[in-house]
Amino acid sequence: MTSSTTQRWSLILLFLSGTSVCRADNTEFFLGGYIKNINLYALYNDGQMLDEPRVKKPEPDTRLIGSDLNRLRLESELNFGSYWHSEIWLDTELQQGFISSSQEIADAEQRGRTNAWSNLTWTFSKGHGYHLQQLFPRALVTLETDQWTATIGRQRITWGTGFVWNPTDLLNPTDPLAVERAEKGGINAFYVARAIGDLSQIEVVLAEDDQRRSGPMYLSAATRVSSNLFNYDFSVLYGRFGKNHTFGGDFAGYLGNAGFRGELAYSLTGGVLSASDTVRAILNADYNFPYDIYTLVEFHLLAQPHQRLSTTSTQLQMAAMVSKSITPRFAANLFVLFNADDRSMVVGPTFTFVPDDNIEFMLGSYLFVGDEESLYGPMPQIGFTSIAYHF
C-alpha cells in the first residue's frame, strides 16, 4: 500500500470515527453536507475557440455540448475541548460530459500529480465522457488559544478584500467566472496567526507551490500583518510564490454607509526588479439600497509585460453586480464584467429559488459579447442549472 493510499484511508477512518469520539467529555461532533446536481451547456459558433479548462474542444460539427455533475459532500467537524478543532470534507463526484463545472474539478488532474503527502484526490473510474472521483476539499486540524491560532492541512486561507478579483490572494486564486461562486478551493499549508492587541495580528503561511512537480516538495511562504487605523482595516504582506516575490496590501472600511475596499500587489519575477514585473490593483464599493437591493462595483487594473513587445500593457476591467430579493425565497442577481480595453463583456443573470431551508434551485448563464480578438468574445455562451439538498 502506497503512502498516498494510506493517507487517504487514514483521513476516511478519522472522518468516520468522529461519531464515537464525540461521546467523550468536552467534545462536540457535527456532520452535515449536501447532494448537488449541476447541468451546464455551452453553445458556440463555427470556428469559435473553446477555452480550457472550462470547455474542451468537441467534434468539429458539434454546436451544443453539455456536462452533468453529481456531487455528494460530507462535512464533519470535531471540537475537542476548548482548543482543538478538526474539519474534514469528503466529496464523491461523478462528472459526465466535457465542461468543467467547478474549480475543484478543473484542478483535479493537477492535484493528482502532486507529492504523495498532498495527493487528496483519486479517481475510481474514468472513460470517454465521464469521470468518477473522490477528494478532500478540506482536511485540517486547528489549535487555537487566546493569542495563537495554528492550522495544518488542506484549508482555505482568505486574504484580500476584493469580491471578484483578489490580487493579494495568491494562495487561493479564484475564477471570476466560476459557476459555483460559493465553492472555494483549498491548499495544503501550515498556517500560524498571532494576535497583537485587540485589532492587530501577524500571519505566516507555508504552502505547497502552485508550480510544483513530482519529486522534492517546493514551498511557497508568505507573511501578513494587519491592523486598524481610523476605523479602517488594513494589511501589508510579503510572499515568495515559486520564483516570484510579491509585495502588497489591502484596506477595508466605509465611506458613509457604503463599503469601500482596495488591494495592491507587486510581483517581482525572479525576485528582482525587471521589465517583466506585474502590478495588480482593485477598488470596490458596495451599498444596500432600500427594498432589499444590493449593489457592488469593482475595478481591476493589471499591468504586465506585453507578450510580443518590450513594453508594459495595461488592462482595466470593471465588475458590477445587482441583487434583489423578490420574495423571501426567490432572488434575482445580475453580474457583469466589462473589459475597457477591447470593450468585450460578460453578462451573467442568475435566479435562485429556495422553497425549503434545505433545498436550493438555481438557473443562470454567462453571455459573452465581443469580437474574435477580444478577451471575452471568443468564449462560448454558457447556461447552467443547479439543485442542491443540504442536510
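Here is what the cut-offs are and how they apply
- Residues numbered from 1 in each chain as written.
- Predicted model: local features only at pLDDT ≥ 70, side-chain atom pairs only at ≥ 80, totals over all residues.
- Heavy atoms only, no water.
- Helix = DSSP H or I, 4+ residues; strand = E, 2+ residues; numbered from the N terminus.
- Contact = heavy atoms within 4.5 Å.
- Areas by Shrake-Rupley, 256 points an atom, 1.4 Å probe, with all protein chains shown as cover.
- 1 Å grid on protein atoms, 1.4 Å probe; cavity = no way out; pocket = protein on both sides within 12 Å on 5 of 7 lines; lining within 4 Å.
- Points joined across faces, edges and corners; volume = space filled by probe spheres on them.
- Nonpolar A, V, L, I, M, F, W, Y, C, P; charged D, E, K, R; others polar.
- Phe/Tyr/Trp six-rings, centres within 6.5 Å; stacked < 30°, edge-to-face > 60°.
- Buried < 20%, exposed > 50% of the residue type's maximum accessible area, 1.4 Å probe, protein only.
- Pairing = 2+ DSSP bridges.
- Salt bridge = Lys/Arg side-chain N within 4 Å of Asp/Glu carboxyl O.
- Core = buried A, V, L, I, M, F, W, Y, C linked by side-chain atoms within 4.5 Å.
- pLDDT = per-residue confidence, 0-100.
- Polar contact = N/O pair within 3.5 Å; in protein donor to acceptor, adjacent residues only side chain to side chain.

A word on the overall build of the protein. Along the backbone of the protein there are four helices and 19 strands. Taking as baseline every contact in the protein between residues at least 6 positions apart, the subset at least 24 positions apart corresponds to 51%. When the accessible surface of the protein is totalled, it reaches about 21100 Å², and 60% of it is carbon and sulfur.

The subject of this paragraph is the layout of surface pockets. Space inside the second largest pocket adds up to approximately 570 Å³. For the lining of the second largest pocket, the secondary structure elements donating two or more residues are strand E1 (27-43), strand E15 (312-327), strand E16 (330-339), strand E17 (345-356), strand E18 (359-369) and strand E19 (381-390). The residue makeup of the lining of the second largest pocket, split by class, is 13 nonpolar, seven polar and six charged.

According to the stated counting rule, one finds eight aromatic pairs in the structure shown. Aromatic side chains Trp122 and Phe136 sit 5.7 Å apart centroid to centroid with 45° between the ring planes, which places their arrangement in the tilted category. Of this pair, Trp122 sits in strand E4 (residues 121-127) while Phe136 is found in strand E5 (residues 130-144), placing the two residues 14 residues apart along the sequence. What makes Trp122 buried here is its relative accessible area of 11%. Classification of Phe136 as buried rests on a relative accessible area of 0%.

For the rest of this paragraph, the subject is the environment of Ser226. Mapped onto the secondary structure, Ser226 falls in strand E9 (residues 219-229). With a relative accessible area of 12%, Ser226 lands in the buried category. Separated by 31 residues in the primary sequence, Ser226 and Ala195 place their C-alpha atoms 9.7 Å from one another. Residues within four places of Ser226 in sequence aside, it is in contact with Leu199, Ser200, Gln201, Glu203, Phe234 and Ser235.

What follows covers the pairing of strand E10 (residues 232-241). In this structure, E9 lies alongside E10, joined through nine bridges in antiparallel fashion. Considered in E10, the bridge of Ser227 is made with Phe234. Across nine bridges, E10 lies against strand E11 (residues 244-255) in antiparallel orientation. Pairing of Gly239 across the sheet is with Thr246, part of E11.

Turning our eyes to something else, we now look at the pattern of salt bridges. Under the definition given, this model contains 11 salt bridges. Asp357 is paired through a salt bridge with Arg329; the nearest N and O atoms lie 3.6 Å apart. Linking Asp357 in the loop between E17 and E18 with Arg329 in the loop between E15 and E16, this pair joins segments that are 28 residues apart in sequence. A cluster of three or more residues bridged by salt bridges with shared partners is formed by Lys36, Arg71, Arg73, Asp91, Glu93, Glu180 and Glu183.

Time to look at the nonpolar core. Ranked by internal contacts, the top residues of the largest apolar core, which has 23 residues, are Leu177, Phe335, Leu337, Val346, Tyr366, Phe368 and Ile382. With three residues, E1 is the largest single contributor of residues to this core. Ranked by size, the runner-up nonpolar core spans 12 residues in total, among them Leu171, Ala189, Ala222 and Leu237.

On to the confidence of the model for the protein, then. Taken over all residues, the pLDDT of the protein has a mean of 83, while the share at 70 or more is 77%. Confidence drops under pLDDT 50 across residues 101-117; counting only partners more than four residues distant or on other chains, this segment forms 53 contacts. Low pLDDT (under 50) marks residues 212-217, which in the prediction has 10 contacts with non-local residues, meaning those over four places away or in another chain.

It is worth spelling out unusual backbone geometry at this point. One non-glycine residue, Asp292, lies in the positive phi region at around 60°. Along the polypeptide, Asp292 turns up in the loop between strand E13 (278-289) and strand E14 (293-305). The class for Asp292 is exposed, based on a relative accessible area of 56%. The phi torsion at Arg343 lies on the positive side, around 60°, for a residue other than glycine. For Arg343, a relative accessible area of 63% puts it in the exposed group.

This brings us to the side chain of Arg154. Secondary-structure assignment places Arg154 in strand E6 (residues 148-155). Arg154 sits in the buried class, given a relative accessible area of 3%. For Arg154, the side chain forms a polar contact with the side chain of Asn188, separated by 3.2 Å.

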